[in-house]
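Commentary on secondary and tertiary structure
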Amino acid sequence: FCQPERLANGLFMPDGTSLFKTPHHQRFAVLSKLDWAGSLSSHEVKTHREVHSLWGVFASTHRVWLLHSVLFCCGLCIVVQAPAQASKDLLQGNSFAVRCSAVGLLVPVHGLLWSFARWEINSWKNMRWGCSHICRVALRDASLGLLWFLPLATYCGVRYCDAMGVGEKILGVVGIIELLALHFFVSSVGLVSQLLAPARKSDKLWRLTSVPNKQRALRYVFWLVLLAVKMFVSMVIFRAVLEETVALDLITPGRESISEISVLWYSTSWGADVLQWLLLWSMSFFLFVADTGVWYQAGCTILGVA
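It should be emphasised that the depicted structure is a prediction, and the values quoted were computed from it without experimental measurement.

The next thing to look at is helix H10 (residues 213-247). In this model, H10 (35 residues) spans 50 Å end to end at C-alpha, consistent with the 51 Å of a helix rising 1.5 Å per residue. Listed in full, the buried residues belonging to H10 are Phe222, Leu226, Leu227, Lys230, Met231, Ser234, Met235, Phe238, Val241, Leu242 and Thr245. Trailing H10 by a residue or two, Asp249 shows a phi angle of about 60 degrees, which is positive.

As a further point, take the pattern of salt bridges. Enumeration according to the criterion identifies one salt bridge in this entry. The partner of Asp291 in a salt bridge is Lys230, and the shortest N-O contact between them spans 2.3 Å. Linking Asp291 in the loop between helix H12 (268-290) and helix H13 (292-305) with Lys230 in helix H10, this pair joins segments that are 61 residues apart in sequence.

Here we come to the packing of helix H4 (residues 54-79) against helix H9 (residues 176-196). Running from N to C, H4 and H9 point in directions that differ by 145 degrees, and their axes come no closer than 9 Å. Residues His62, Arg63, Leu66, Leu67 and Val70 of H4 form the contact with H9, whose participating residues are Leu191, Gln194 and Leu195. Classifying every residue of the contact of H4 with H9 gives five nonpolar, two polar and one charged.

So, about H12. If you check H12, its first and last C-alpha atoms are 33 Å apart, about what 23 residues at 1.5 Å a residue would give, namely 33 Å. Buried within H12 are the following residues: Trp270, Asp273, Val274, Trp277, Trp281, Ser284, Phe288 and Val289.

The rules behind these values
Residues numbered from 1 in each chain as written. Predicted model: local features only at pLDDT ≥ 70, side-chain atom pairs only at ≥ 80, totals over all residues. Heavy atoms only, no water. Helix = DSSP H or I, 4+ residues; strand = E, 2+ residues; numbered from the N terminus. Expected span 1.5 Å × (residues − 1). Buried < 20%, exposed > 50% of the residue type's maximum accessible area, 1.4 Å probe, protein only. Salt bridge = Lys/Arg side-chain N within 4 Å of Asp/Glu carboxyl O. Axes fitted to C-alpha atoms, helices over the stretch in contact; angles between N-to-C directions. Contact = heavy atoms within 4.5 Å. Nonpolar A, V, L, I, M, F, W, Y, C, P; charged D, E, K, R; others polar.

The quantities given are spatial measurements derived from coordinates; they are silent on function.
Okay, structure coming up:
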């Protein structure tokens, strides 16, 4: 009903004749003979499935979760430093650049979750339409998949060079500096594609509302300032949470060596500490996402007073 042309093509008689091919003055009279069951079949008409699931919420708000995940992980990389006397095979990496490179793994993870959410809410009509255009759809999805999974390949190269030591090069050509630059580039491209191109053609049932460039620029400045202030305050909270984990003598997996984890991972005490560590930081992430609403209200209040 949102697209008149689809509605006109979908209403048909039992013999397959389209309702809108009937003379205009006879259409009301033949409505009783219309094949309503076939015309309004959910398998033929609907563009989205009605599912009582959080996947639909995620598909609609995936950019919000991606942006907060990136900011949260960047904050953790800054706060959680390597221990003073650390081994060479730390799980989080041996340098700040290697530690930050793990943020790029959000691109393939988010790509998988987003693709699954779209598949979960997509209608049978759109899925069959995709099969009829299998070549174009496969090429598009393969291109996006390659773009989103490149950070995983480059991250593996970064960690390999980091484990081999400074100065080591893969095949004697590519070193860790070149791999880090490549990794940050492909990760940035993947993040931009997921943040700034959030929808596909089948999702755009209506044209976007035209916004003047001045108002659009003001919105971007508003959110940049708001998120910058939010991150500045959140860094204080992250440090407080980290100090609490140290005070509770909890294990921090990122600051442990891979060799130590391979020995201790089956220990019940180690597993309990990791579970508490996950719960503590998961709650921190939930509060980090939730307080964006408070910052938004504060920002709107300041703009209103100004």
